[in-house]
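Chains, contacts and geometry: an overview
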Amino acid sequence: MKYYSTNNRAHVADLKTAVLKGLAPDKGLYMPEQIPVLPASFWDWLPGKSMGEIGFEVLKYYFCPDIPEDKFKAMVEDAFNFPVPVVKVGDNISSLELFHGPTLAFKDVGARFLARVMSYFADFGGRPINVLAATSGDTGSAVANGFLGVPNVYVHVLYPSGLVSEIQEKQFTTLGQNITAYEVDGVFDSCQRMVKDAFMDAELNKEKILTSANSINLARFLPQSVYYFHALAQIPRKDWEKTVISVPSGNFGDITAGLIAWKMGLPVGRFIAAVNANRVFTDFLETGVYKPMASVATIANAMDVGDPSNFARVSELFGGSNVEMKKLISSYSYTDDMIGEAIAEVKNKYGYVCDPHGAVGYAALRDSLKEGEIGIFLETAHPAKFLATVEKFTNDNVKIPERLQKFMTREKKSINIAADYNLLKTNIK
C-alpha cells in the first residue's frame, strides 16, 4: 500500500516514510491510495470477535507486507489488549466505552498501536526518532504512556497552559525518561501550529527524524477504525444498518477513522459529528464554506479545536462536497450549559455517568434519532478525568480509578514556554 498527500496526489510515499514523517512535505496529510472493501465473508465472521482479531483482519491491508503478518498480528493483539464494550444506556441508545485502556481514554487505541509500529521502524534507523504531539488533554497522556521507555524514541508533548484537567496533565507531565512535556502559553491551536512548524523546518528535518503522534499520523487514526467494527460485533446483525454512530469530534481523527470503516463496507445507517462550541464543521455542512475559527475553551476541552487537521481527510473522502457529506453525516453543536444538562440528564434518567465529551455524543443522538433507529455514542474518556465538571452536574461523587490516583501523587515535570516554535526547536534531540 502506498500513501498520497491530500495536497497533491502525485506525492506518494511508502508506509515507513508516511509513518515516520507524519506530515507530507507539502503540508498535506497522508491517505491510503486504495481503501479496500472487505469481503462478504468478513461480516459473517465478525460477530463476537475480539478487538485484536478484528484489528488484524482490518488493518493488514494497510500495514502488511511492509510489516510481516506474523509480527503485525502480535503487534495488534498486544496494542488492543483491553475491553471496548457496548453498554446499554437507554431504550435505543448505547455507549461504546473506549476508556478501559491504560490512560482511560479512547486515544489509548491509536497511541498504543502507533508506538508499536514506530518501534518496529525505529529498529531500522540508527538516529533517534522525535515524536511530536500537541494535546488538548487525552492525546498527551495516551501518547506519553504508549511510548514510555521505547528505545531510540523521544516524545515531546505540547499542551495549552491551564486548559487541560489536572488529572490529564499529571498523566503526561510526571513520567520523565524519554517524555518531555511543554506547557505552552496559548491554546491548542498554538501547540498544533508549533508542531506543524517543526515539520516544515527543512533544516531541522535534515538533521533530525521527526514524526507526529497526533491523528495527522496515519498510524494513529487508522487503528481507531477498528472499534467501529468491534461495536457491530457486539450488537445483533439485524440492527447494523439502522445504527447511528455519534462521534464527539475535535480534530476529527476519530470520525475520519469511522468514515474509513464505512468506505471498507461498515453497514451502518449514518454518522453524527457531535461538537462543542467549536462548530466550524457544523457551519461547513450548513453553508458549504469551510471557515476556520479561533478555538473556544469549553468543558469538553479535548474538542476545543477551531481548525481540525483531519478535515482535509474528510474532504478527500467526499470530493470536498458538503452535499455528499450530508448524505451520511450530520453535525450538532452544544454549549457548555447544554453539555452540563446532558451529563445531568443521563445520570438522573438512566443512572449512567458520562464525561463531557460522551455527553455531547449522547445529546446529538437524543436530539436526532428517528423512529426505528438505534444510536451508539462514543464515550471517549473515564468521567473521573473530568472530576470537578462531572461531579458538579451529577451532584454525586465519581470514584477515581486506582490508575489515576497513582498519577496524582507524582511530581509535575514540564517546561513552560511561550507559543514560539524556536523555543521548542532547541529541545529536540
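Residues numbered from 1 in each chain as written. Predicted model: local features only at pLDDT ≥ 70, side-chain atom pairs only at ≥ 80, totals over all residues. Heavy atoms only, no water.

Details of the pattern of salt bridges
Under the counting rule described, the total for this entry stands at 17 salt bridges. Glu169 is paired through a salt bridge with Lys412; the nearest N and O atoms lie 2.9 Å apart. Residue Glu169 is found in helix H7 (residues 166-173), and its partner Lys412 is found in the loop between helix H19 (402-408) and strand S14 (415-418); the two are separated by 243 residues along the sequence. Overall, Glu169 belongs to the buried group, its relative accessible area being 13%. Judged by relative accessible area, which is 35%, Lys412 ranks as partly exposed. Between Lys327 and Glu324 there is a salt bridge, with the nearest N and O atoms lying 3.0 Å from each other. Judged by its relative accessible area of 61%, Lys327 is exposed. Looking at Glu324, the relative accessible area reads 34%, which means it is partly exposed. Connected via shared salt-bridge partners are Glu169, Glu183 and Lys412. (Salt bridge = Lys/Arg side-chain N within 4 Å of Asp/Glu carboxyl O. Helix = DSSP H or I, 4+ residues; strand = E, 2+ residues; numbered from the N terminus. Buried < 20%, exposed > 50% of the residue type's maximum accessible area, 1.4 Å probe, protein only.)

Looking at the sheet that holds strand S6 (residues 129-134)
Reading across from one edge, S9-S6-S7-S8-S14 is the order of the five strands in this open sheet, with parallel pairing throughout. Of all strands in the sheet, those bounded by a partner on one side alone are strand S9 (209-212) and S14. Within the sheet, the average angular offset between the axes of one strand and its neighbour, ignoring direction, is 30°. As paired elements, S6 and strand S7 (residues 153-160) share six bridges and run parallel to each other. (Pairing = 2+ DSSP bridges. Axes fitted to C-alpha atoms, helices over the stretch in contact; angles between N-to-C directions.)

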